[in-house]
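# Structural overview for review
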Amino acid sequence: MKLPRRQFLQLAAGAAALPGISRIARAQTYPDRPIKIVVPIGPTGSYDIVGRVLADQLSKRLGQSVIVENRPGAGTIIGTQAVINAPADGYTLLVGGLSNIVFNVGLYKNLPYDPLADLVPVALVFNISYGLVGSKDLPHSTPKEVIDAAKRNPGKLSLANIGVGTGQHIVGAAFMKITGTQLLEVPYRGPAAAYPDLLSGRVDLFFDSMPSALPYIKSGQAKGIGILTATRSPQAPDMPTMTESGVPGLEIDSWIGLFAPAKTPPAAIARLQQAIAQTLPELKPRFETAGGELMDMPAAKLKDFVKSEHDKWTKIIQEAGIRLE
């Protein structure tokens, strides 16, 4: 039976609109299947802690399984790239932080992704500060004393270096660049290898995360010389900030959060942000137990913050001449 032309056109228009309606319906019911959070390092450290804590809390709030997949390799590049290449549907997310979102841009000449263009921040939830730690027998107890001594005798004071491109290495290089000093860098395979020499006095200084350094400082096994935050830390109130010690520009908050592929539907991003906001009271004590602090940054400020961190640290890394192939 032939349909009248007007009725035929109406049916055709309705059929054409179905894919759009279907997409809207899917966005409104997000999530309707399990979500995967990719951690771009192995199953240790702050990235993994954040990924697993968020997965646990989001699964309760969203009513869907949220699984964690560790995809280590190439300095966080492999896992980050995997998420960028995944469908932008809100079901594959990334644990991102200063390393893979910011540092890698300045460190690698041919980085296979642009974090500002290829990823969108969902939430930044975890923050770790860095500090300058010294051997307990070091005669210098403040950043100014360290700087003055380093200028009097370039290359005499030694600094533990746990790997090119690590946050500890970049902070040390930035410190020397900003202060015009030269420290003797001693290579180690991670903090666990560096601390025995720091505690015994075989190496003088080490820039490290405060959660890792605080037990040694509080026990008197090492000196807390300076902290790289805007204000003094309640956990180490006697440690002066670098800014108040005459080293402006050396503030570093090693933030970590959740990112999604850039074209992820805004409705899915908003749903994730809503769920994370609801979990903040539960996240706070768990992150403090892990040695960090909870971040609660408004969604409207996320992109601008990540862009400012990108610009700041890319400049510092390039000026310090740090490069990875």
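Predicted model only: the values in this text are computed from it and were never measured.

## A short note on the overall build of the protein chain
- In terms of helices and strands, the protein chain carries eleven helices and ten strands.
- Across its three principal directions, the C-alpha atoms of the protein chain cover 95 × 40 × 30 Å.
- Within the span of the protein chain, comprising 325 residues, buried residues form 48% of the whole.
- In the protein chain, of all internal contacts separated by at least 6 residues, the share reaching a separation of at least 24 is 77%.
- Taken as a whole, the protein chain presents about 15,400 Å² of accessible surface, with 55% of it coming from carbon and sulfur.
- Side chains of the protein chain give 33 positive and 27 negative charges; the mean places of these two sets differ by 9 Å.

## With respect to the pattern of salt bridges
- Per the counting criterion, the structure on display carries 14 salt bridges.
- Residue E69 is joined to K36 by a salt bridge in which the shortest nitrogen-to-oxygen separation is 3.1 Å. Placement of E69 in strand 2 (residues 66-70) and of K36 in strand 1 (residues 35-39) is noted, with a sequence separation of 33 residues between them.
- Taking the relative accessible area as the measure of exposure, E69 reaches 24% and is therefore partly exposed.
- The class of K36 is partly exposed, set by a relative accessible area of 26%.
- For the salt bridge of R286 with D56, the shortest nitrogen-to-oxygen distance reads 2.9 Å. You can see R286 sitting in helix 10 (residues 266-289) and its partner D56 sitting in helix 2 (residues 45-62), a full 230 residues away along the chain.

## Points about the confidence of the model for the protein chain
- On average, residues of the protein chain score 88 in pLDDT, and 91% of them reach the 70 mark or higher.
- Scored below 50 in pLDDT, residues 20-25 makes zero contacts in the model with residues more than four places away or belonging to other chains.

## Points about the side chain of Q81
- On the secondary structure map, Q81 appears in helix 3 (residues 77-85).
- By relative accessible area, Q81 is classed as buried at 18%.
- With residues near it in sequence (within four places) discarded, Q81 still touches P112 and Y113.

## Things to note about the packing of aromatic side chains
- This model, assessed by the stated rule, comprises seven aromatic pairs.
- With centroids separated by 5.8 Å and ring planes inclined at 65°, the aromatic side chains of W255 and F305 adopt a geometry described as edge-to-face. With W255 in strand 9 (residues 253-261) and F305 in helix 11 (residues 302-320), this residue pair connects regions lying 50 residues apart in the sequence.
- Positioned above the aromatic ring of Y91 is the side chain of R33, whose terminal nitrogen or guanidinium carbon lies 3.6 Å from the ring centre.

## Here we look at the environment of L205
- Relative to the elements of secondary structure, L205 occurs in strand 7 (residues 205-209).
- Classification of L205 as buried rests on a relative accessible area of 0%.
- Apart from the residues lying within four places of it in its own chain, the contact partners of L205 are L132, V133, G134, L138, V146, L157, S158, L159, A160, L183, L198 and I225.

## Focus on the nonpolar core
- Counting residues in hydrophobic clusters, the biggest one holds 49 residues, and the most contacted among them are F103, F175, L205 and W255.
- Here this core gets six residues from one element, more than from any other, and that element is helix 7 (residues 167-179).
- The contact partners of F175, leaving out residues within four places of it in the chain, are V146, I147, T181, L183, F207, M242 and L250.
- By size, the runner-up hydrophobic cluster in this structure holds 32 residues, among which are V120, A268, L280 and F287.

## Some details on the pairing of strand 2
- One ladder, built from five bridges, connects strand 1 with strand 2; its direction is parallel. By the bridge assignment, V38 is partnered in strand 2 with E69.
- The parallel pair strand 1 and strand 2, bridged by helix 2, forms a crossover whose chirality is right-handed.

## Concerning unusual backbone geometry
- A cis geometry characterises the amide bond from Y30 onward to P31, with omega recorded as -5°.
- Turning to its location among the elements, P31 is positioned in the loop between helix 1 (5-28) and strand 1.

## With respect to the packing of helix 2 against helix 10
- Two numbers describe how helix 2 lies on helix 10: the axes approach to 9 Å, and their chain directions differ by 125°. The angle between the axes of helix 2 and helix 10 places the two elements in the oblique class. You can see that helix 2 and helix 10 cross each other, and the crossing is right-handed. Contact residues: helix 2 offers V50, V53, L54, D56, Q57, L58, R61 and L62, while helix 10 offers R271, L272, A275, I276, Q278, T279, E282, L283, R286 and F287.
- Here the residues of the contact of helix 2 with helix 10 sort into ten nonpolar, three polar and five charged.

## So, helix 8 (residues 191-200)
- Restricting attention to buried positions, one finds in helix 8 the residues A194, Y195, D197, L198 and L199.
- For helix 8, the secondary structure elements touched by its buried residues are strand 4 (119-135), strand 5 (158-161), strand 7, helix 9 (210-218) and strand 8 (222-227).
- In the segment just after helix 8, G201 is the residue with positive phi, at about 90°.

Cut-offs applied
Residues numbered from 1 in each chain as written. Predicted model: local features only at pLDDT ≥ 70, side-chain atom pairs only at ≥ 80, totals over all residues. Heavy atoms only, no water. Helix = DSSP H or I, 4+ residues; strand = E, 2+ residues; numbered from the N terminus. Buried < 20%, exposed > 50% of the residue type's maximum accessible area, 1.4 Å probe, protein only. Contact = heavy atoms within 4.5 Å. Areas by Shrake-Rupley, 256 points an atom, 1.4 Å probe, with all protein chains shown as cover. Lys, Arg positive; Asp, Glu negative; His and termini not counted. Charge placed at Lys NZ, Arg CZ, Asp CG, Glu CD. Salt bridge = Lys/Arg side-chain N within 4 Å of Asp/Glu carboxyl O. pLDDT = per-residue confidence, 0-100. Phe/Tyr/Trp six-rings, centres within 6.5 Å; stacked < 30°, edge-to-face > 60°. Lys NZ or Arg CZ within 6 Å of the ring centre and 35° of its normal. Core = buried A, V, L, I, M, F, W, Y, C linked by side-chain atoms within 4.5 Å. Pairing = 2+ DSSP bridges. Right-handed = clockwise from strand over helix to strand, strands pointing away. Axes fitted to C-alpha atoms, helices over the stretch in contact; angles between N-to-C directions. Parallel < 35°, antiparallel > 145°, perpendicular 65-115°, else oblique. Left-handed = near helix turned anticlockwise from the far one by under 90°. Nonpolar A, V, L, I, M, F, W, Y, C, P; charged D, E, K, R; others polar.

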